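Chain and residue survey
Residues per chain are reported as follows:
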Amino acid sequence: MLRYIECGGFRDMSCDDGPGVRSVLFLQGCTRNCKDCHNSKIKEHGKGKMISIDNLIDFIDARCCNKKITISGGEPLEQMDSLIELIERLKIKGYNVCVYTGWEFDMVPDKIINTVDFIKTGSFISNLKSSGIQYVGSSNQHMYYVNKGNIQELSLAIKEDSK
């Protein structure tokens, strides 16, 4: 069965969306309605581009030179079956995969957690916005490194140069 996923955009390179320089795939659609969402233009389901997983992987292969990709949104977990297939196929091809979700860690299925390299969890909360942390928008959000079943929460505090 040919599976499709609804996409809202792609960025070739980013240093803000997970560890290292990464490409970012934005999936279309999110029902969370976080106040001051920075991706509000891609929150409506049905307004993105439906792309087959096969074609999307070809597109990613052509544009993501270092094989580091973050899948963001919208809310990627609202396209769960397609997301799982996409992640599994990217991992087979040697990609380092990070997923950004507004879901809390304990709500994310093990199938996602055990397949990704990094996962950012938690809803954006406007009044908890902080410029002193990296990779997330508000201090309630968390990022985890997943390595062979070991899960480690990363410190996201931005370190000042001591010059």
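As a reminder, the structure under discussion sits directly above these lines.
Reading the values: the criteria
- Every chain is numbered independently, its residues counted from 1 as its sequence is written.
- Per-residue local features of the predicted model are confined to residues with pLDDT of at least 70, and side-chain atom pairs are confined, for both listing and counting, to 80 or more; whole-chain, interface and lining totals are unaffected and use all residues.
- Side-chain numbers come from the whole structure's heavy atoms, not from hydrogens or water.
- Runs of H or I in DSSP of at least four residues are treated as helices and runs of E of at least two as strands, each being numbered from the N terminus.
- Every radius of gyration here is taken over C-alpha atoms, with the globule rule written as 2.2 Å times N^0.38, N being the number of residues.
- Contact definition: two residues touch when any of their heavy atoms are within 4.5 Å.
- Note on areas: Shrake-Rupley with a 1.4 Å probe; residue coverage comes only from the protein chains shown.
- Charge counting treats Lys and Arg as positive and Asp and Glu as negative, with His and both chain ends excluded.
- Where a charge sits is defined by one atom per residue type, namely NZ (Lys), CZ (Arg), CG (Asp) or CD (Glu).
- Each pair of aromatic rings taken from Phe, Tyr and Trp, with Trp reduced to its six-membered ring, is defined by centres within 6.5 Å and is described as stacked if the planes are under 30 degrees apart, edge-to-face if over 60, and tilted in the remaining cases.
- Here a helix's expected span is defined as the number of its residues, less one, multiplied by 1.5 Å.
- Exposed residues in this analysis have more than 50% of their type's maximum accessible area, buried residues have under 20%, and partly exposed residues fall in between, with area computed by a 1.4 Å probe over protein chains only.
- Working definition: a disulfide is two cysteine sulfur atoms within 2.5 Å of each other.
- Put simply, a salt bridge is a Lys or Arg side-chain nitrogen that is within 4 Å of an Asp or Glu carboxyl oxygen.
- We define a nonpolar core as any set of buried Ala, Val, Leu, Ile, Met, Phe, Trp, Tyr and Cys residues linked to one another through side-chain atoms lying within 4.5 Å.
- The way it works is a 1 Å grid over only the protein atoms, where trapped points that fit a 1.4 Å probe form a cavity and open points with protein on both sides within 12 Å along at least five of seven lines form a pocket, and then any residue with an atom within 4 Å of a point lines it.
- Grid points are joined across faces, edges and corners, and a volume is the space filled by probe spheres set on the points.
- Residue type decides the class: Asp, Glu, Lys and Arg count as charged, Ala, Val, Leu, Ile, Met, Phe, Trp, Tyr, Cys and Pro as nonpolar, and the leftover types, Gly among them, as polar.

1. What about the overall build of the protein chain?
A tally of helices and strands in the protein chain yields 3 helices and 8 strands. Moving toward the C terminus, one meets the helices and strands of the protein chain in the order β-β-β-α-β-α-β-α-β-β-β. Taken over the C-alpha trace, the protein chain has a radius of gyration of 15 Å; the compact-globule value for 163 residues is 15 Å, and the two agree within 12%. Put simply, 56% of the contacts in the protein chain that link residues at least 6 apart link residues at least 24 apart. In the form shown here, the protein chain has an accessible surface area of approximately 9,000 Å², with 49% of it arising from carbon and sulfur atoms. In the protein chain, which carries 21 positive and 21 negative side-chain charges, the distance between the mean positions of the two groups comes to 4 Å.

2. Looking at the packing of aromatic side chains
Two descriptors summarise a pair of aromatic rings, namely the distance from one centre to the other and the angle between the planes of the rings. Tallied over the full model, the rule gives 3 aromatic pairs. Centre to centre, the rings of F10 and F59 are 5.0 Å apart; their planes meet at 80°, and the pair counts as edge-to-face. Residue F10 is located in strand β1 (residues 4-14), and its partner F59 is located in helix α1 (residues 53-63); the two are separated by 49 residues in the primary sequence. Summarising the aromatic geometry, the rings of F105 and Y144 are spaced 4.4 Å apart at their centres and angled 45° between planes, so their arrangement reads as tilted. One end of the pair, F105, is in the loop between β5 (96-100) and α3 (110-113); the other, Y144, is in strand β7 (residues 142-147), and 39 residues separate them in sequence.

3. Thoughts on helix α2 (residues 80-92)
If you check α2, its first and last C-alpha atoms are 18 Å apart, about what 13 residues at 1.5 Å a residue would give, namely 18 Å. All buried positions along α2 are accounted for by M80, S82, L83, I84, E85, L86, I87 and L90. On its buried face, α2 sits against β1, β2 (22-27), α1, β4 (68-73), β5 and α3. Within two residues after α2, G94 carries a phi angle of roughly 90°, on the positive side.

4. Overview of the state of the cysteines
What the rule picks out here adds up to 0 disulfides. In this structure C15 is not part of a disulfide, and its nearest cysteine sulfur, from C64, lies 13 Å away. We note that C64 lacks a disulfide partner, and the nearest cysteine sulfur, in C65, lies 7.2 Å from it. C64 gets classed as buried once you look at its relative accessible area, which sits at 2%.

5. Looking at the pattern of salt bridges
Evaluated as defined, the whole model comprises 8 salt bridges. Close ionic contact of D61 with K93 constitutes a salt bridge, the shortest N to O distance being 3.0 Å. Taken as a pair, D61 in helix α1 and K93 in the loop between α2 and β5 lie far apart in primary sequence, 32 residues in all. Given the relative accessible area of 36%, K93 is considered partly exposed. The network of salt bridges with common partners includes R3, D54, E85 and R89.

6. A word on the nonpolar core
One finds I60 and L86 to be the most contacted residues of the largest nonpolar core, which totals 30 residues. Examining the composition of this core, we find that 6 residues originate from one element, α2, more than from any other. Dropping the residues within four chain positions of it, L86 is found in contact with I5, L25, I53, L56, I57, I60 and I71. If you look at the next biggest cluster of nonpolar residues, it comprises 8 residues, including F118, I133, V136 and L156.

7. Some details on the layout of surface pockets
The space that makes up the largest pocket amounts to roughly 670 Å³. Together, 31 residues line the largest pocket, and H38, N39, Y100, F124 and Q141 are the ones closest to its centre. Going through the elements one at a time, β1 and β4 are the ones with two or more residues in the lining of the largest pocket. Counted by class, the lining of the largest pocket contains 8 nonpolar, 14 polar and 9 charged residues.

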